[in-house]
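# Overview (structure and organization)
Now for the letters of each chain:
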Amino acid sequence: MTKYYQATNVGKIRKQNEDSIAIIEPETFIVADGMGGQAAGEVASRILIETVERELKTASLPYNEEILKNAILKANENILSEVEKNSEYEGMGTTATILHVAEPKEIQPQITTQTAFFAHIGDSRLYKLERDGLKQITQDHSYVEDLVRRGEISEEQARVHPMKNVLIQAVGAEKNISVDVGQFRVNNGDVYLLCTDGLTNMVSDEEISKILHETKNPADDLVEAALNHGGKDNVSVIVVGIL
Ligand code: CA
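These numbers come from a predicted model, not from an experiment. (Residues numbered from 1 in each chain as written. Predicted model: local features only at pLDDT ≥ 70, side-chain atom pairs only at ≥ 80, totals over all residues. Heavy atoms only, no water.)

## A few points about the sheet that holds strand β1 (residues 2–9)
- Strands sit in the order β1-β11-β10-β7-β8 across an open sheet of five strands; the sheet is antiparallel. The sheet is open, and its two borders are formed by β1 and β8 (133–136), each paired with just one other strand. Adjacent strand axes in the sheet meet at a mean angle of 20°, parallel and antiparallel pairs treated alike.
- Taken together, the five bridges between strand β10 (residues 191–195) and strand β11 (residues 235–242) define a ladder with antiparallel strand orientation. Bridge assignment links C195 to a residue of β11, and that residue is V237.
- This element, helix α7 (residues 218–228), spans β1, β10 and β11 of the sheet and lies at about 30° to β1. (Pairing = 2+ DSSP bridges. Helix = DSSP H or I, 4+ residues; strand = E, 2+ residues; numbered from the N terminus. Axes fitted to C-alpha atoms, helices over the stretch in contact; angles between N-to-C directions. Contact = heavy atoms within 4.5 Å.)

## Some words on the coordination of the calcium ion
- At this site the calcium ion is bound by D33 (OD), D33 (OD), D197 (OD) and D233 (OD), with donor distances of 2.3 to 3.1 Å.
- Each donor residue of the calcium ion belongs to the same chain, and together they define the spacing D-x163-D-x35-D. Of this pair, D33 sits in strand β3 (residues 28–35) while D233 sits in the loop between α7 and β11, placing them 200 residues apart in sequence.
- Assessed through its relative accessible area of 9%, D33 is described here as buried.
- Using a relative accessible area of 14% as the deciding quantity, one classes D233 as buried. (Donors = N, O, S within 2.8 Å, 3.2 Å for Na, K, Ca; no water. Buried < 20%, exposed > 50% of the residue type's maximum accessible area, 1.4 Å probe, protein only.)

## Quick word on the packing of aromatic side chains
- Throughout the structure, instances matching the rule amount to three aromatic pairs.
- Taking the centre distance of 5.6 Å and the plane angle of 65° together, the rings of Y4 and F29 count as edge-to-face. Remark: F29 occurs in strand β3 and Y4 occurs in strand β1; sequence separation between them is 25 residues.
- On the numbers, 6.1 Å between centres and 40° between planes, the contact of F118 with F184 is tilted. With F118 in strand β6 (residues 115–121) and F184 in strand β9 (residues 180–185), this residue pair connects regions lying 66 residues apart in the sequence. Considered together, F118 and F184 belong to a single accessibility category, that of buried residues. (Phe/Tyr/Trp six-rings, centres within 6.5 Å; stacked < 30°, edge-to-face > 60°.)

## With respect to the nonpolar core
- Formed by 30 residues in total, the largest nonpolar core has its most connected members in I30, L48, V52, L68, I72, M92 and V171.
- When residues of this core are traced back to their parent elements, those giving at least two are β2 (19–24), β3, α1 (40–57), α2 (65–85), β5 (96–101) and β6.
- Broken down by element, the residue count for this core peaks at eight residues, all from α1.
- Ignoring sequence-local partners within four residues, the contact set of M92 consists of M35, G36, A40, V43, A44, I47, I79, E82, V83 and G172.
- By size, the runner-up hydrophobic cluster in this structure holds 21 residues, among which are I211, V223, V237 and V239. (Core = buried A, V, L, I, M, F, W, Y, C linked by side-chain atoms within 4.5 Å.)

## Considerations on the pairing of β2
- Most of β2 sits out of view: six of its six residues are buried.
- Burial of β2 is two-sided: the residues D19, I21 and I23 facing one way and the residues S20, A22 and I24 facing the other way are all buried.
- Here β2 pairs with β3 via six bridges, running antiparallel. Bridge pairing in β3 places A22 opposite I30.
- Between β2 and β3, which follow one another and run antiparallel, lie three residues, and E27 among them has a positive phi close to 50°.

## Details of the pattern of salt bridges
- Under the criterion given, the structure shown has 10 salt bridges.
- The salt bridge partner of R14 is D233, with a shortest N-O separation of 2.9 Å. Here D233 lies in the loop between α7 and β11 and R14 lies in the loop between β1 and β2, a separation of 219 residues in the sequence.
- What makes R14 partly exposed here is its relative accessible area of 41%.
- Between K74 and E77 there is a salt bridge, and its shortest N-O distance comes to 3.6 Å. Within this pair, K74 and its partner E77 are both found in helix α2, separated by three residues, close to a single helical turn.
- Overall, the relative accessible area of 48% leaves E77 in the partly exposed class.
- A single network of salt bridges, built from pairs that share partners, joins D146, R149, R150 and E152. (Salt bridge = Lys/Arg side-chain N within 4 Å of Asp/Glu carboxyl O.)

The structure is reproduced here in structure tokens:
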């Protein structure tokens, strides 16, 4: 079982909130950060959420890597076909980070330990809160993260790089996208955070983990921290505690 907290906020600068978040029963958590001119980003992240909800409704439990990935691929098709019908949506896309916490084996005999599955594309993030800080589970599909991985720039240089916001993978960006997937064992007391870059660009890892360790209202307090640091972007968070 999980206990979760969620919050999304337009921020202090942007006029529209292009992020979409959703909780789908059972135990499935999604953040999506839409991009594109006019209202297109909002449309893209909404199509992502709606498609994933529809796909999961007919899928069998647990929602494993394959099921989550296929739901994102279906959303990719849907976004592309929406762009085809409506030229003002040209260039829209969205990130997608989905976490599913599978119930233990009395409910799903094929699961022997409590397991979580995730699927991910873009630069929204999934973290685990550890005693000494945050551990990022997903990898950013961004141009600068790629440079870091190839050893061409440092983490510090990446943080202030002018092309920081350029994604190399996004749902709706092209016909063939590659979705990262994975699974890991979860334990009672674990805390996981899904968030868009409106949080991580505004608030340091140290401050995020301090808030998660100390507060009773983690989602609202994380959003508040992003706003206090300038709120330059839409900010969305889902905090999931394993019970
Ligand atoms: Ca964003």
